[in-house]
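One-letter residues, chain by chain:
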Amino acid sequence: MSPFNLETCARPNILALQPYRCARDDYKDDGTNVLLDANENACGPSIHCSDVADSKSSLAGLDPLGLHRYPDPHQHELKQLLCDLRNTHAHTPKTITPDNLFVGVGSDEAIDALIRCFCVPGKDRILTCPPTYGMYGVSAQVNDVGLVTVPLSPAPDFSLDVPAVAAALARDPSIKLAYLCSPGNPTGALLSRADVQQILNHATWNGVVVLDEAYVDFAPEDASLAELAAEFPNLVVVQTLSKAFGMAGIRLGAAFAPAPIARLLNNMKAPYNIASPTSALARYALGGKGLAAMAGNRAKIVAQRERLLRELPAVEGVGRLRGGTASNFLLYEILGSDGHPDNTTALAVYKRLAEQEGVVVRFRGKEHGCHGCLRITVGTEDEVTRFLVSLRKALAEVRKSSS
């Protein structure tokens, strides 16, 4: 019999790994549920249906007859379209070019590649500011890299605690990356450009700021700091087409970086990491028709976000908005019978919504500073209507059962 023993053969940090828990791990899409838990774009992809069948459109790259060839390993055209999108010159007169771009399988590939690029396993560390996106910590553990946490300032602001972050970086030279999420997940709050720049200009820290802007297209115009990658040698801005562009299914992310860092990331990647259908769909989404479709869908989502901001405070049992309104989701407190935020009540409402009403949101009460909170993805008009009716019913039933 082979002496193989998984427990002694596999890396200890992988054996101990607590994987990132996806929204679909809790409740699946059975075709009838209203899914307001994963921050997807409920209005759909940035595609006009007529163009799918038009052989003359930029979606011609989906021709199955071309799939026997490897895809373009450099994706210059796609990178140029991403540069065109972000070269607003709202923050710098400098211009980003395809030399400043890495494109990957979702923004998660960039998040992981940066750790592999800058952190020595078992030696170096990354810094995060909870509450924040869980994959930073998961990627660190997979790579046997330590984690230092400096919480955001308390709700409702959830702003960057610049003195605490600066002190942590000064104290610990093994921190090579600082992952900052703006707009934050689950906070929905934009970080101040001035605060981010203070970290970039840290007097002693030799490391890279990674600014995750997955939701930035739901924020006010010119909120993205991507073009500052041409200004600062230690800034990487990570984005995705999964959110405002409604293209979560194609798994396309990008990292805007100083050219030397982008070169390292591109040197590390698999030769053909972006599939031809993914590239064709992404190029369409970043073209004229795609951008127009995205803008229309975004306007619908923003309108429903404003509706939720108006109507949720009037629902008995709903507490305060925590965080900001710069994303396609909102973080709200659920109140217990004593009128205070309560995890037990929030969890019961979350389960009743999903299991009795077919409306799935996300319980975030265990995240730092989010006690008693549900995160609600903004859906279509019909989905928001169904959510509000179901929420009132679920709150009433939970409060009745606990009285």
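The structure under discussion appears in the preceding block.
What counts as what
Residues numbered from 1 in each chain as written. Predicted model: local features only at pLDDT ≥ 70, side-chain atom pairs only at ≥ 80, totals over all residues. Heavy atoms only, no water. Helix = DSSP H or I, 4+ residues; strand = E, 2+ residues; numbered from the N terminus. Buried < 20%, exposed > 50% of the residue type's maximum accessible area, 1.4 Å probe, protein only. Axes fitted to C-alpha atoms, helices over the stretch in contact; angles between N-to-C directions. Parallel < 35°, antiparallel > 145°, perpendicular 65-115°, else oblique. Left-handed = near helix turned anticlockwise from the far one by under 90°. Contact = heavy atoms within 4.5 Å. Salt bridge = Lys/Arg side-chain N within 4 Å of Asp/Glu carboxyl O. Phe/Tyr/Trp six-rings, centres within 6.5 Å; stacked < 30°, edge-to-face > 60°. Lys NZ or Arg CZ within 6 Å of the ring centre and 35° of its normal. 1 Å grid on protein atoms, 1.4 Å probe; cavity = no way out; pocket = protein on both sides within 12 Å on 5 of 7 lines; lining within 4 Å. Points joined across faces, edges and corners; volume = space filled by probe spheres on them. Core = buried A, V, L, I, M, F, W, Y, C linked by side-chain atoms within 4.5 Å. Pairing = 2+ DSSP bridges. Right-handed = clockwise from strand over helix to strand, strands pointing away.

**Things to note about the overall build of the protein chain**
Point 1. Per the secondary structure count, the protein chain includes 13 helices and 13 strands.
Point 2. Of all 403 residues assigned to the protein chain, the portion counted as buried reaches 53%.

**Focus on the packing of helix α12 (residues 343–357) against helix α13 (residues 381–402)**
Point 1. Contact geometry for α12 and α13: axes closest at 9 Å, N-to-C directions at 125°. Comparing the axis directions of α12 and α13 gives the class oblique. Handedness of the α12/α13 crossing: right-handed. Contacts between α12 and α13 involve T345, A348, V349, R352, L353 and E357 on the former and, on the latter, R386, F387, S390, L391, K393, A394, L395, E397 and V398.

**Description of the pattern of salt bridges**
Point 1. Throughout the structure, instances matching the rule amount to 11 salt bridges.
Point 2. In this structure, the salt-bridge partner of E311 is R307, at a minimum N-O distance of 3.2 Å. Residue E311 and its partner R307 are both found in helix α11 (residues 288–311); the two are separated by 4 residues, about one turn of the helix.

**Observations regarding the packing of aromatic side chains**
Two aromatic rings, taken as a pair, are described by how far apart their centres are and by the angle between their planes.
Point 1. Evaluated as defined, the whole model comprises 5 aromatic pairs.
Point 2. Consider the rings of Y136 and Y179, whose centres lie 4.9 Å apart with planes at 20°: the pair is stacked. Here the residue Y136 occupies a position in helix α6 (residues 135–142), and Y179 occupies one in strand β5 (residues 175–181), the gap between them amounting to 43 residues.
Point 3. For Y136, a relative accessible area of 0% gives the class buried.
Point 4. With a centroid separation of 5.0 Å and an interplanar angle of 80°, the aromatic rings of Y215 and F329 are classed as edge-to-face. A residue pair is termed long-range when its members are at least 10 positions apart, and Y215 in the loop between β6 (208–212) and β7 (235–240) and F329 in strand β10 (residues 329–334) qualify at 114 residues. Taken individually, Y215 and F329 each receive the classification buried, so the pair is uniform in this respect.
Point 5. The ring of F329 is capped by R375, whose NZ or CZ atom sits 5.6 Å from the centre of that ring.

**Regarding the environment of L309**
Point 1. On the secondary structure map, L309 appears in helix α11.
Point 2. The exposure class assigned to L309 is partly exposed, which follows from its relative accessible area of 22%.
Point 3. Taking the C-alpha atoms as reference, L309 lies 9.9 Å from Y332; in sequence the two are 23 residues apart.
Point 4. Setting aside anything within four residues of it in sequence, one finds L309 in contact with L321, T325, L330 and Y332.

**Some remarks on empty space enclosed by the protein**
Point 1. For the coordinates displayed, the defined rule picks out 1 cavity of 30 Å³ or more.
Point 2. The calculated volume of the largest cavity comes to roughly 50 Å³.
Point 3. What lines the largest cavity is simply L82, R86, Q239, T240, L241, F245, L252, G253, A254 and F256.
Point 4. Mapped by element, the contributors of at least two residues to the lining of the largest cavity are α4 (76–86), β7 and β8 (252–256).

**Things to note about the nonpolar core**
Buried together is how nonpolar side chains tend to be arranged in soluble globular proteins.
Point 1. In this structure, L127, L160, F256, L312, V349, F387 and L391 are the most contacted members of the largest nonpolar core, which totals 85 residues.
Point 2. The leading source of residues in this core is α13, at 7 residues.
Point 3. Apart from the residues lying within four places of it in its own chain, the contact partners of L391 are L312, V315, V318, V349 and L353.
Point 4. By size, the runner-up hydrophobic cluster in this structure holds 26 residues, among which are C119, Y136, Y179 and I261.

**Remarks on the pairing of β5**
Point 1. Most of β5 is tucked away: 6 of the 7 residues are buried.
Point 2. Pairing of strand β3 (residues 125–128) with β5 involves 4 bridges; the strand directions are parallel. Across the sheet, L127 pairs through a bridge with A178, a residue of β5.
Point 3. Crossover β5 to β6 through helix α8 (residues 193–200) is right-handed.

**Concerning the sheet that holds β6**
Point 1. Overall, mixed pairing links the 7 strands, which are arranged β2-β8-β7-β6-β5-β3-β4 in an open sheet. Only two strands of the sheet have a single partner each, and these edge strands are β2 (101–105) and β4 (146–149). Looking at each pair of strands side by side, their axes are set apart by 25° on average, direction ignored.
Point 2. Of the strand pairs in this sheet, β5 and β6 are connected by 5 bridges, and their pairing is parallel. Bridge pairing links C181 to D212 in β6.
Point 3. Lying over the sheet, α8 contacts β5, β6 and β7, oriented at roughly 155° with respect to β6.
Point 4. Relative to the sheet, helix α9 (residues 259–268) contacts β2, β6, β7 and β8, its axis offset from that of β2 by approximately 35°.

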